[in-house]
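Observations on the three-dimensional arrangement
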Amino acid sequence: ARYVGFTAGGGLHNSHPDELARILNRASGLGAKWIRVDLNWNVVQEKGPTVFEWGPQDTVIDAILARGMKPIVTLGYTPAWARRAECQASSTCSPAAPAQFAAFASAAVSRYAPRGVKNWEIWNEPNIEQFWQPAPEPDRYAALLKAAYASIKSADPSATVISAGLSPFGAYPATSATRTNPVKFLEDLYAALRDTEERLGREIQVTLYTSEEFARRKAEENEFVRRLLAGPHIVLLGKGDAESAAG
């Protein structure tokens, strides 16, 4: 039961106080110990790199903590001033400079770690164009993850850094112009991290989440869950890292 949790979606900070209380009270009443919640960079720093507007995010984080639940905070989504030239119109455009995202991550940890927030997920579903524009790029996501990891650990050495939850797509190792199979994406991500800093590749945690809708999808799209449940560290084991996978 200590592992039961919910993902609250990206718009919780927009909820009316009564609706926020209803959602969180229901989760707590069902025995949830964890809530996965977005901390939207595009909202907090919409007005520029030196302006931080934390108010709606504070309300959500404080309400979760007040109910004795632990937030898994997903950092993501790019303000217009920090987006790449290829995808200026969308907040799911990947950041032009990982250092700018890392600075936001550091500010978030500095604000919320003293309140008890310890778990930080970096982005959401970067293996599909819908959430990582202009297209999935494991190497660029690895650079973002590496920069965020360093800044988070500098602000709070006891923090846990988690790689992004991934979307199902096709049978391994399927790729297209806009999507990459999640197991394939993890392999490429791990290779990029291992090539740059072995310790980083061993310490970052992998996210796995699912839903009733996901469970109903056709067999090849469920391969991600089947393979990870059969061997939770299949990507690491596939690279010969049996010792790190056993931890």
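As the structure is a computational prediction, the values presented were derived from the model and not from experiment. (Residues numbered from 1 in each chain as written. Predicted model: local features only at pLDDT ≥ 70, side-chain atom pairs only at ≥ 80, totals over all residues. Heavy atoms only, no water.)

**Quick look at the environment of isoleucine 72**
Inspection of the secondary structure assignment puts isoleucine 72 in strand 3 (residues 70-76). Sequence spacing of isoleucine 72 and glycine 5 is 67 residues, and the spatial spacing of their C-alpha atoms is 9.6 Å. Apart from residues no more than four positions distant in its own chain, isoleucine 72 is found in contact with Trp34, Ile35, Arg36, Val37, Asn119, Glu121 and Ile162. (Helix = DSSP H or I, 4+ residues; strand = E, 2+ residues; numbered from the N terminus. Contact = heavy atoms within 4.5 Å.)

**Some remarks on helix 1 (residues 17-29)**
Along its 13 residues, helix 1 runs 18 Å from first to last C-alpha, staying within 8% of the 18 Å computed at 1.5 Å per residue. Restricting attention to buried positions, one finds in helix 1 the residues Leu20, Leu24 and Ala27. Down the axis of helix 1, the smallest arc covering the buried residues is 55°, so these residues share one side. For helix 1, exposure combined with an orientation more than 90 degrees from the buried face picks out Asp18, Arg26 and Gly29. Where helix 1 terminates, the next one or two residues include glycine 31, which has phi positive at roughly 95°. (Expected span 1.5 Å × (residues − 1). Buried < 20%, exposed > 50% of the residue type's maximum accessible area, 1.4 Å probe, protein only. Arc of directions from axis to C-beta.)

**What to know about the pairing of strand 3**
Burial of strand 3 is extensive: six of the seven residues sit out of reach of the surface. Across seven bridges, strand 2 (residues 34-40) lies against strand 3 in parallel orientation. Across the sheet, the residue bridging to aspartate 38 is threonine 74, located in strand 3. Pairing of strand 3 with strand 4 (residues 119-122) involves four bridges; the strand directions are parallel. (Pairing = 2+ DSSP bridges.)

**Things to note about the side chain of arginine 83**
Structurally, arginine 83 can be placed in the loop between strand 3 and helix 4 (98-112). For the buried arginine 83, no salt bridge is present, and the opposite-charge side chain at shortest range is glutamate 46, 7.6 Å distant. Contacts of arginine 83, omitting those with residues within four sequence positions, involve Asn42, Thr78, Gln88, Ala89, Ser90, Ser91, Cys93, Ser94 and Ala96. (Lys, Arg positive; Asp, Glu negative; His and termini not counted. Salt bridge = Lys/Arg side-chain N within 4 Å of Asp/Glu carboxyl O.)

**A look at the nonpolar core**
Leu39, Leu75, Phe101, Trp120, Ile122, Tyr141 and Ile152 are the most contacted members of the largest nonpolar core, which totals 50 residues. Among the elements that take part in this core, helix 5 (residues 138-155) stands out by supplying seven residues, more than any other. For tyrosine 141, the contacting residues outside a window of four places in its chain are Ile122, Trp123, Pro126, Trp132, Ser163, Ala164, Phe185 and Leu189. (Core = buried A, V, L, I, M, F, W, Y, C linked by side-chain atoms within 4.5 Å.)

**Some thoughts on the side chain of histidine 13**
Within the fold, histidine 13 resides in the loop between strand 1 (5-7) and helix 1. For histidine 13, the side chain forms a polar contact with the side chain of asparagine 14, separated by 3.5 Å. If sequence neighbours within four positions are ignored, histidine 13 has contacts with Val43, Pro56, Gln57 and Val60. (Polar contact = N/O pair within 3.5 Å; in protein donor to acceptor, adjacent residues only side chain to side chain.)

**With respect to the state of the cysteines**
The term disulfide refers to a covalent linkage connecting the sulfur atoms of a pair of cysteines. Per the counting criterion, the structure on display carries one disulfide. Here cysteine 87 connects covalently by a disulfide to cysteine 93, the sulfurs 2.0 Å from one another. Every disulfide takes its handedness from the sign of the S-S torsion; for cysteine 87 and cysteine 93 that torsion is 60°, giving right-handed. Here cysteine 87 and cysteine 93 have matching classes, each one buried. (Disulfide = S-S within 2.5 Å.)

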